[in-house]
Amino acid sequence: MNHRSLRQCVDDLEKNGFLIRVTDEVDPYLEMAEIQRRVYQNQGPALLFTNVKGCRFPCVSNLFGTMERTRFIFRHTLKRVKQLVDLKIDPVIFLKHPLRYAGAPLAALRTIPKKVASGPVLAHQCRVQDLPQIQSWPNDGGAFVTLPQVYTEHPDFPGWRMSNLGMYRIQLSGGQYITNEEIGLHYQIHRSIGVHHSAAIRRGEKMRVSIFVGGHPAMALAAVMPLPEGLTELMFGGVLSGNRVRYSQRDGFTIAADADFCITGTVDPNLKKPEGPFGDHLGYYSLTHDFPFIKVDKIYHREDAIWPFTVVGRPPQEDTSFGEIIHEITGPIIPTVIAGLHAVNAVDAAGVHPLLLAIGSERYVPFEERKPQEILTIANAILGQGQLSLAKYLMIAAREDNPDLDIHNIGDFFKHILERVNWETDLHFQTRTTMDTLDYSGTAINEGSKVVVAAAGRIRRKLPSQLPVDIHLPAGFNNPKIVIPGVVAIQAPAFSDRTIGKKTLKGFCDFYESVRVWDDFPLMVLVDDSEFAGRNLNNFLWTTFTRSNPATDIEGVRTFIDDKHWGCRGPLVIDARIKPHHAPPLAEDPEVSRKVDALGVKGRVLHGWV
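All figures in this text were calculated on a predicted structure; none of them were measured in a lab. (Residues numbered from 1 in each chain as written. Predicted model: local features only at pLDDT ≥ 70, side-chain atom pairs only at ≥ 80, totals over all residues. Heavy atoms only, no water.)

Draft legend 1. Looking closely at the sheet that holds strand S25 (residues 447-455). The strand order S21-S22-S23-S25-S24 describes an open sheet built from 5 strands, whose pairing is mixed. Strands with a single pairing partner mark the edges of an open sheet, and in this sheet they are strand S21 (341-346) and strand S24 (427-434). Going from strand to strand, the sheet's axes swing by 15° on average, the running direction of each strand aside. Here S24 runs beside S25; their pairing, made up of 6 bridges, is antiparallel. (Pairing = 2+ DSSP bridges. Helix = DSSP H or I, 4+ residues; strand = E, 2+ residues; numbered from the N terminus. Axes fitted to C-alpha atoms, helices over the stretch in contact; angles between N-to-C directions.)

Next up, the structure:
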């Protein structure tokens, strides 16, 4: 049976051993979030908090904490969704295998939303302060909704067909918001909601917003799913939930009839208030900036409402499962979107957007002469494609060099690239361009650079896995650590300001103009703590790609510029030190950590999980 509510899903998970109840009183201020993080790291069960301090609503987290549980939630529908993707790629396949795809037409019918007169969510109303005030990190600006489904319609084309359902963060408290009257709305203008925002400005009117919380878990996944033109998130949610999405209309607002909560309100796109800080998925705080805000109209909730939440922070976190299930569903369709592209991987450990790996075709040159040509065209297409355009570092390999290369084996992929890359020809920068709003490594908010590393052809070098016998380092640099073969992290003097920082980076590279001790290493990274960066691959990925902006932080040994092309004849050097303009990294509150420790002692329900 397909679930029609979050309550049914929770009961199903509990019955099958995927969920436990936490009956101890827990504090929504930091404590619930730390419990969630620890249980996720231990690959533990979903959590139903039934005794939330200061709140009458139970809360559930870690629904998507493991891929096993995620697939279990969607066990009745995932196969049909994948079949619809297959048919999108090749409609003729239905004629070839009619029995295998017999249920696909019925599944397609579930994509059409259904208008109803009323629904469970309209049973009751409450105020903003009645909602769970969950704060995840000590320096967050207040309580946030972390699994919101923000619904807007195009002002020029009202109705669900041109609607957008996105997961944009909602700040419930703190800052300059008037309690119970205003809440924060953070979204990036290039997202689909930005189209509605622009249209509202052009029309000189306020934008209506409905925020759904809860309902079938398929709706949360739909809100983050990259969908093709013409397929709305409501349609996808219907297929994945196994039931048509039911909606009602109240006071001109669209209401998800089966949601647990629905907040309605209006946004004046010309008015802004400070939003944040917020501990984000890069592992740092996104700082306070002016964003639009919602003037709250009403808040509805169902009789048996449950408030779902998650916690974001340095990956991996629960949202990692979102990325994995999205790739599982949409991976096969990638080659139909960009010709010659076989696979992409937005690397979760690097914060998702900072590092993108790709495999493409390089078909036009014999192996003996192969060099990046076609894959450069593919790389340009990738950087113009939806959320892939947020990539800061894009590394792309030619499939023909190794048809078995696994894009999700990060170590092997780096080895493949670093064995072949030619730093004289294979670096391609885009300078003074846009950057992810949440990435503070750039020159200003939304401003930074990108680099494409495109490697194809023969193996050029054997990657060393041991340090040189005679290590020569400039004064102030020390403690080199091999991260993976061919990559060394070196502890550098702290970055004080941009002028001195650039001088330090350039001086390090100049030191090796004639000293060739590191020439066998294609990649060197300057860090604040080489013990940490070299401890494991995930630490290296997070440190290197969240703390560097390609155009300002990449240097090299024996550099040159030829016809405006920059390259180097020695090792490439990335400055991954923390800079003064970076956002601070996330850290738990020690006192809260001690409280959570106590919840995990023997005999308590969280024993073994926290």
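Draft legend 2. Structural context of unusual backbone geometry. That bond from Gly276 to Pro277 is cis: its omega, -5°, falls within 30 degrees of zero. In this structure, Pro277 sits in the loop between strand S15 (273-275) and strand S16 (278-279). In this structure, Pro316 follows Pro315 across a cis peptide bond, with omega equal to 0°. Structurally, Pro316 is set in the loop between strand S20 (307-309) and helix H10 (319-330). You will see that Asn446, though not glycine, has its phi angle at about 70°, which is positive. Summarising the element assignment, Asn446 is placed in the loop between S24 and S25. Accessibility expressed as a relative area gives 33% for Asn446, which makes it partly exposed. If you check the backbone angles, Asn479 has positive phi at about 55° while not being a glycine. Along the chain, Asn479 falls in strand S26 (residues 478-484). Overall, the relative accessible area of 27% leaves Asn479 in the partly exposed class. (Buried < 20%, exposed > 50% of the residue type's maximum accessible area, 1.4 Å probe, protein only.)

Draft legend 3. Looking closely at empty space enclosed by the protein. In this structure the tally under the stated criterion is 5 cavities of 30 Å³ or more. The calculated volume of the largest cavity comes to roughly 190 Å³. Residue lining of the largest cavity: 18 residues in total, with Arg4, His216, Met219, Val245 and Asp258 positioned closest to the centre. (1 Å grid on protein atoms, 1.4 Å probe; cavity = no way out; pocket = protein on both sides within 12 Å on 5 of 7 lines; lining within 4 Å. Points joined across faces, edges and corners; volume = space filled by probe spheres on them.)

Draft legend 4. Geometry of the pattern of salt bridges. Applying the stated criterion across every chain, the model contains 35 salt bridges. Of the charged contacts in the structure, one is a salt bridge between Lys273 and Glu182, with a shortest N-O distance of 2.6 Å. One end of the pair, Lys273, is in strand S15; the other, Glu182, is in strand S10 (residues 182-186), and 91 residues separate them in sequence. Judged on exposure class, the residue Lys273 and its partner Glu182 are both buried. Ionic pairing is found between Arg420 and Asp401, a salt bridge with its closest N-O pair at 4.0 Å. (Salt bridge = Lys/Arg side-chain N within 4 Å of Asp/Glu carboxyl O.)

Draft legend 5. Region of the structure containing the pairing of strand S19 (residues 293-301). Sheet analysis places strand S5 (residues 124-125) next to S19, joined by 2 bridges and oriented antiparallel. Note that in S19 the partner of His124 across the bridge is His301. Sheet topology places strand S14 (residues 261-267) next to S19; 7 bridges connect them, and they run antiparallel. Pairing of Thr266 across the sheet is with Lys295, part of S19.

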